[in-house]
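This is what each chain is made of:
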Protein chains: 4
Amino acid sequence: MIIHLKNNISITEAQSLAAKYQAVLIEGNPLVLVTTSKLKQADEGLQLVASDIFVTDTDIQLAGKQYIATKREIKLKDLSIGGSSANSIVITGPCSVESEEQIESAAQLCVELGVRILRAGCYKPRTSPYTFQGMGLEGLKLLDKMRSKYGLQIITEVRDSTHINEVIEYADVIQIGAKSMYDHGILRQCGKTTKPVLLKRGFGTTLQEFVQSAEFILSGGNPNVILCERGIRTFETKTRFTLDLCGVAWLKQNTNLPVILDPSHAIGYSYGVPDLARACMAMGIDGVLIESHPNPKVAKSDAEQQLNFDEFRALYPTLKSAAACAGHQVV
Amino acid sequence: MIIHLKNNISITEAQSLAAKYQAVLIEGNPLVLVTTSKLKQADEGLQLVASDIFVTDTDIQLAGKQYIATKREIKLKDLSIGGSSANSIVITGPCSVESEEQIESAAQLCVELGVRILRAGCYKPRTSPYTFQGMGLEGLKLLDKMRSKYGLQIITEVRDSTHINEVIEYADVIQIGAKSMYDHGILRQCGKTTKPVLLKRGFGTTLQEFVQSAEFILSGGNPNVILCERGIRTFETKTRFTLDLCGVAWLKQNTNLPVILDPSHAIGYSYGVPDLARACMAMGIDGVLIESHPNPKVAKSDAEQQLNFDEFRALYPTLKSAAACAGHQVV
Amino acid sequence: MIIHLKNNISITEAQSLAAKYQAVLIEGNPLVLVTTSKLKQADEGLQLVASDIFVTDTDIQLAGKQYIATKREIKLKDLSIGGSSANSIVITGPCSVESEEQIESAAQLCVELGVRILRAGCYKPRTSPYTFQGMGLEGLKLLDKMRSKYGLQIITEVRDSTHINEVIEYADVIQIGAKSMYDHGILRQCGKTTKPVLLKRGFGTTLQEFVQSAEFILSGGNPNVILCERGIRTFETKTRFTLDLCGVAWLKQNTNLPVILDPSHAIGYSYGVPDLARACMAMGIDGVLIESHPNPKVAKSDAEQQLNFDEFRALYPTLKSAAACAGHQVV
Amino acid sequence: MIIHLKNNISITEAQSLAAKYQAVLIEGNPLVLVTTSKLKQADEGLQLVASDIFVTDTDIQLAGKQYIATKREIKLKDLSIGGSSANSIVITGPCSVESEEQIESAAQLCVELGVRILRAGCYKPRTSPYTFQGMGLEGLKLLDKMRSKYGLQIITEVRDSTHINEVIEYADVIQIGAKSMYDHGILRQCGKTTKPVLLKRGFGTTLQEFVQSAEFILSGGNPNVILCERGIRTFETKTRFTLDLCGVAWLKQNTNLPVILDPSHAIGYSYGVPDLARACMAMGIDGVLIESHPNPKVAKSDAEQQLNFDEFRALYPTLKSAAACAGHQVV
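Not measured: the values here are computed from a predicted model. (Residues numbered from 1 in each chain as written. Chains lettered and ligands numbered in written order. Predicted model: local features only at pLDDT ≥ 70, side-chain atom pairs only at ≥ 80, totals over all residues. Heavy atoms only, no water.)

(A) Focus on the relation of the copies chain B and chain A. Rotating chain B by 180 degrees about the axis while translating it 0.0 Å along that axis superimposes it on chain A, leaving an RMSD of 0.0 Å. Those values place the two copies in the arrangement expected of a two-fold rotation axis. Using C-alpha coordinates, one finds that chain B approaches the rotation axis most closely at A279(B), a distance of 2.0 Å. Here 100% of the contact residues of chain B are again contact residues in chain A; the copies associate through an equivalent surface. (Least-squares fit on C-alpha atoms with pLDDT ≥ 70 in both. Contact = heavy atoms within 4.5 Å.)

If you want it as structure tokens, here you go:
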């Protein structure tokens, strides 16, 4: 249940009510209580303090259509997705920042094609401690330089709580990776900023758990959460993961959050990325994230799944027509 | 390895060679041997009898791009998919034949919209023995009537070997269901006809096993196999299954067989079928199979996933524009 | 709901009642109706014809504890499992019958150790059409010879409906394999015999579906069904499958059928079979099925998972102490 | 490859070698380099600096049998597991510390039965932000009190990097939970202590990734890592997770780390815990972790899977006989 408190309720009173109803208090305007306790809407005490009451399914609260029936609009500086916009964004860039030369060529590709958001990782959640772990803060500074020089927005990943503040400082959109999406330290810190957060679904994560991770951020006070499906782990190993478009249909039907898809990580091989990217766009979603690299063969991570620049140039215009099938336009 | 034998080799000689090389003999023109034994292409005896030798991956033989580099063309009477056609077909109809009135209304919807293939099941592979098991032969006869009256092609499912001959007799395209695709009795019998076979992937079946089921039919002598992805079973249960479009990309990349998708069974709920059907079409595939029913609420099986006729009418034209994104046309 | 009809109800009347209640009729003594229709126990008509009424969960009927609260006893000639016996059986033998010499050495191992049931396959449900498919009827005859010569019971697998009658004729226990467990042709034919059936769980099959396959046999009139867990398909590929002992605990808790485990197929590698076999026995189950072969390296199928005879000799006595932990004895 | 450097190599020289070979340097005695670069053992430069060279599989290094052929011994104060001990430990306690009274009754149960290690969580990695999140530091202090008062060892979970130092300070054994096992912040900090770490496998984590998480800790300099299998996520939902004993067999075969199992989280329901716990012990593993609670019905988390004290009392002695089947003793 979500309770909008009346204007005359003070924060102190709201805190008492939160304790009484075992609720989380969101200190915005209005003050909001969220609780999974089984309260009755007709409860007299509740009626006295509430201006609006939203009865929600037990497993989706702030992110649910029962609370906000239409998709939330999220501003990415001068861009906007969700709301009534029917906008779809394209995000591209290499898996990792590897050097200034490499990231600058990626930035130039964005400028050439009109892509507005550059993505690259600096803190890599690698499986093995013995492989390239990312450039860290130095990488963030290179991304910052690309932003200034080329007017791009920057999205980059936080791996664990130890560098969350740096990522929040440098990124325009904070990416929480598939392996970090249960990390309360990250989620709670992202709840305290208002920067948009791209929350990736874990590859072993149910839709319910995924949406609950978003609830950590939303209930922390940050309404700007974008969901990202990037493939789940199944018994099929010919491809790296299995892109869950059925799940995307469920998210569109049941949540009020924009959804972006990442076909590159899903399949793990560049040959299938163009077909999958068009399929994603034809779903009527809010954007795609596609890895590209000036020379995928020498990439320090995820070499097999990154498109080279010519492949990306060939793909990009077809994304526009695929989006159009679903009544969307690429911005 | 696939060996095309020289014209002067007799069937008796070919049988001896098959025994020698632990190979399966396909008695067409040319005579073909298929073996997974590790033969050397340069083997002298082999060179004497072979006109062509194709070295294949161990796990794809007749269905592989290493044998036939382009997609096989499959004739469905006056329609054609695969080959150089870029055709995509739309197949629709109810989950089960329930009555003459019901199946006739489905046939009329096909005629109204220009859909050429009607699909409905007569032998239902139900999970429980206590639910509707299908109309059996009586249902096949109703489908036959619709074919005659409305000029439609008929696709219907074989559930087990006990009625395979009836299905081969009545269907224009034989559907092997997800639960029956390992059934050697069915596969071998389908290898002896030349009617097209729509082979569905089992929900617990790897891509490798799926293609091997096709090899049973192909090596039996029937070259007309169409693959159908219809969702695999994963940990996610908010949707019925998980449509594996990454797997479809793999099949397109590695096999020479046409691929059709079934989004209805994948998601299991009608709300997501239109978005998914468009996504499928944007993959550049050879067709989609979408369940529709005059009144889904009273359907005797799969009630939740069937579109009603108005929903299907709204979807149909958008499938054409989605196919067009991938350079395909709906026929 | 399961309804035991009163003694004075004729078969013709029972058939009418079955139609009325959309029920399956089991023609035993008593006559039994099973239905998933939502009938009320207090229904007047029902009370008139029923001697006993069992309200069951929608997804377990004849196999459920709500119908029969204790485990069913199943006679395997002079052996008995289930009921109040606390007996556990050990079944062994090679994956496939390959030759008389091979199967005779397996039979002799059984005699040496006191193992009473020999298992080997004649119709192999191979993934590929290009590998060894089993000896078929010739293999059945060799198994028959071992039964006569060594006094062993024989368990062998049916692959599809085309040879079900031969298997029923030659086997003491009919094994329905993991890939065939949805096959209505097989299930219905097994319902018409009273020979015990070892029903293996499909690797992509939920517990609910598994139990429903058993319901096909039980409702056909054969009460002698043994469930066999043999590993499910998961994302983990270092082992061939994942043995689902949590599922076994669920089956023990919710069904009235004996349960046997097959650790060999589950892990797919012989190194882990002894540890797993002891773990299975410590669950207090009704038996284990362990593959052994006189020379696993040259086996024509499943070479990696079969124990050699010395490994099996070392394992066998430890199974007794593992069974004893759970209050069971090996018979 | 793992390289033990000669005694005469200084740390500065070792750092240069690490850079040269793209290796991680472990500053112990001897100095050790670990690298996944493809070096040749016969390389002249390498031979000059190395006292020992271990060629390892690419995906297991310090944790592998190719490096240390026998199981590592890990000291838990006066207890010891692994090595040549054949010891198995039993760990119990409630899911969460809820109050002093509750945790003290759990401690008293340990004392009563001779269980030496008490486990309870203070930082709970809950799916939802709206449920009980754990007592935090206050809970750690209660655990500390139980240690002093009852002479028990304490194991408790770290959820994210923000409180890793507190957990390292208060715990005798640091538990890294299933949702946190990819967290580089936690793993690296655990590499800097020498306290034993119980590393749980993520429910969507492959065995390879699991062992690589251990490599983060081991290569950080902490040799005291214990692996814990606690169930993986599969398509089966009648139980909470699927305990992967095939995977445990693989870990025993391929790694040098002790393995402990957690049947409580795997099945998620108390009814199956005793059978599963005995099965685990019969695998010949190094311990089990079983949740128990003075009154499970009112537990603030995981109420359904915790044994009550009488159930635990009944189970405990049978664990000893199950361990004995595999030649182990409970300590």
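Having seen it, we continue.
(B) A look at the relation of the copies chain A and chain D. When chain A is fitted onto chain D, the two copies agree to an RMSD of 0.0 Å after a turn of 180 degrees and an axial shift of 0.0 Å. Here 100% of the contact residues of chain A are again contact residues in chain D; the copies associate through an equivalent surface.

(C) Molecular detail of the pattern of salt bridges. Residue and element names in this part refer to chain A. The tally for this structure, following the rule as stated, stands at 84 salt bridges over all chains. Taking the shortest distance from any N to any O, the salt bridge between K77 and D172 comes out at 3.1 Å. Separated by 95 residues along the polypeptide, K77 in the loop between β5 (73-76) and β6 (79-82) and D172 in the loop between α5 (164-170) and β10 (173-176) bring together distant segments of the chain. In this structure D172 comes out as buried when scored by relative accessible area, which is 11%. Residues participating in the shared-partner salt-bridge network are K77, D144, R147 and D172. (Salt bridge = Lys/Arg side-chain N within 4 Å of Asp/Glu carboxyl O. Helix = DSSP H or I, 4+ residues; strand = E, 2+ residues; numbered from the N terminus. Buried < 20%, exposed > 50% of the residue type's maximum accessible area, 1.4 Å probe, protein only.)

(D) Quick peek at the packing of helix α3 (residues 100-113) of chain B against helix α11 (residues 309-325) of chain B. Residues and elements named next belong to chain B. Packing of α3 against α11 leaves a shortest axis separation of 11 Å and a crossing angle of 25 degrees. With respect to α11, the element α3 is oriented roughly parallel. Both α3 and α11 take part in a crossing whose hand is right-handed. Of the residues in α11, those touching α3 at S105, A106, L109, E112 and L113 are F309, F312, R313 and Y316. Partitioned by chemical class, the residues of the contact of α3 with α11 number six nonpolar, one polar and two charged. (Axes fitted to C-alpha atoms, helices over the stretch in contact; angles between N-to-C directions. Parallel < 35°, antiparallel > 145°, perpendicular 65-115°, else oblique. Left-handed = near helix turned anticlockwise from the far one by under 90°. Nonpolar A, V, L, I, M, F, W, Y, C, P; charged D, E, K, R; others polar.)

(E) Geometry of the side chain of Q175(D). Its place among the elements puts Q175(D) in strand β10 (residues 173-176). Look past the residues within four positions of Q175(D) in its chain and what remains in contact with it is R119(D), I155(D), T156(D), E157(D), V158(D), L198(D), K200(D) and L289(D).

(F) Structural view of the interface of chain B and chain A. Counting residues at the interface gives 40 residues for chain B, matched by 40 residues for chain A. For the pair chain B and chain A, the two sides together bury roughly 3,100 Å², of which 70% comes from carbon and sulfur. Broken down residue by residue, the surface that chain B buries against chain A is led by F235(B), K238(B) and C246(B), which jointly contribute 21%. Among the salt bridges present, the one from K252(A) reaches D275(B), with a minimum N-O distance of 2.7 Å. At the boundary of chain B and chain A, one finds eight residue pairs in polar contact (both at pLDDT 80 or more). Contributing elements (two or more residues each) for the side of chain B that touches chain A: α7 (207-220), α8 (245-254), α9 (263-267), α10 (273-282) and α11 of chain B. Looking at the side of chain B that touches chain A element by element, the count peaks at eight residues for α8(B). Residue composition of the side of chain B that touches chain A, grouped by class: 19 nonpolar, twelve polar and nine charged. (Buried area = accessible area lost by both parts, 1.4 Å probe. Polar contact = N/O pair within 3.5 Å; in protein donor to acceptor, adjacent residues only side chain to side chain.)

(G) Broad picture of the pairing of strand β7 (residues 87-93) of chain A. All names here are of chain A. Within β7, seven of the seven residues are buried, leaving the element largely enclosed by the surrounding structure. Both β7 and strand β15 (residues 329-330) contribute to a ladder of two bridges, which runs parallel. Within β15, the position partnered with N87 by the bridge is Q329. Relative to strand β8 (residues 117-119), β7 runs parallel, the two being bridged by two bridges. Bridge pairing links I91 to I117 in β8. Between the parallel pair β7 and β8, the chain is carried across by helix α3 (residues 100-113), and the sense of this crossover is right-handed. (Pairing = 2+ DSSP bridges. Right-handed = clockwise from strand over helix to strand, strands pointing away.)

(H) Region of interest: the interface of chain A and chain D. Facing 34 residues of chain A, the contacting portion of chain D comprises 35 residues. Note on chain A versus chain D: buried area summed over both sides is about 2,800 Å², and carbon and sulfur give 58% of it. Our count for the contact surface shared by chain A and chain D stands at two salt bridges. Where chain A packs against chain D, one counts 18 residue pairs in polar contact (both at pLDDT 80 or more). Where the side of chain A that touches chain D is concerned, the elements lending two or more residues are α6 (184-192) and α7 (207-220) of chain A. For the side of chain A that touches chain D, the per-class residue count stands at nine nonpolar, 15 polar and ten charged.

(I) Quick peek at the state of the cysteines. Overall, the coordinates contain zero disulfides over all chains when judged by the stated rule. In this model C325(C) remains outside any disulfide bridge; the closest cysteine sulfur is found in C325(D), 3.2 Å from its own. (Disulfide = S-S within 2.5 Å.)

(J) Looking closely at the sheet that holds strand β3 (residues 31-34) of chain A. All names here are of chain A. Spatial strand order, β2-β3-β1-β4: four strands in an open sheet with antiparallel pairing. The outermost strands of the open sheet, each flanked by one partner alone, are β2 (24-27) and β4 (50-54). Strand-to-strand twist across the sheet, computed as the mean angle between neighbouring axes with direction ignored, equals 20 degrees. Pairing geometry for strand β1 (residues 2-5) and β4, over four bridges, is antiparallel. By the bridge assignment, I2 is partnered in β4 with F54.

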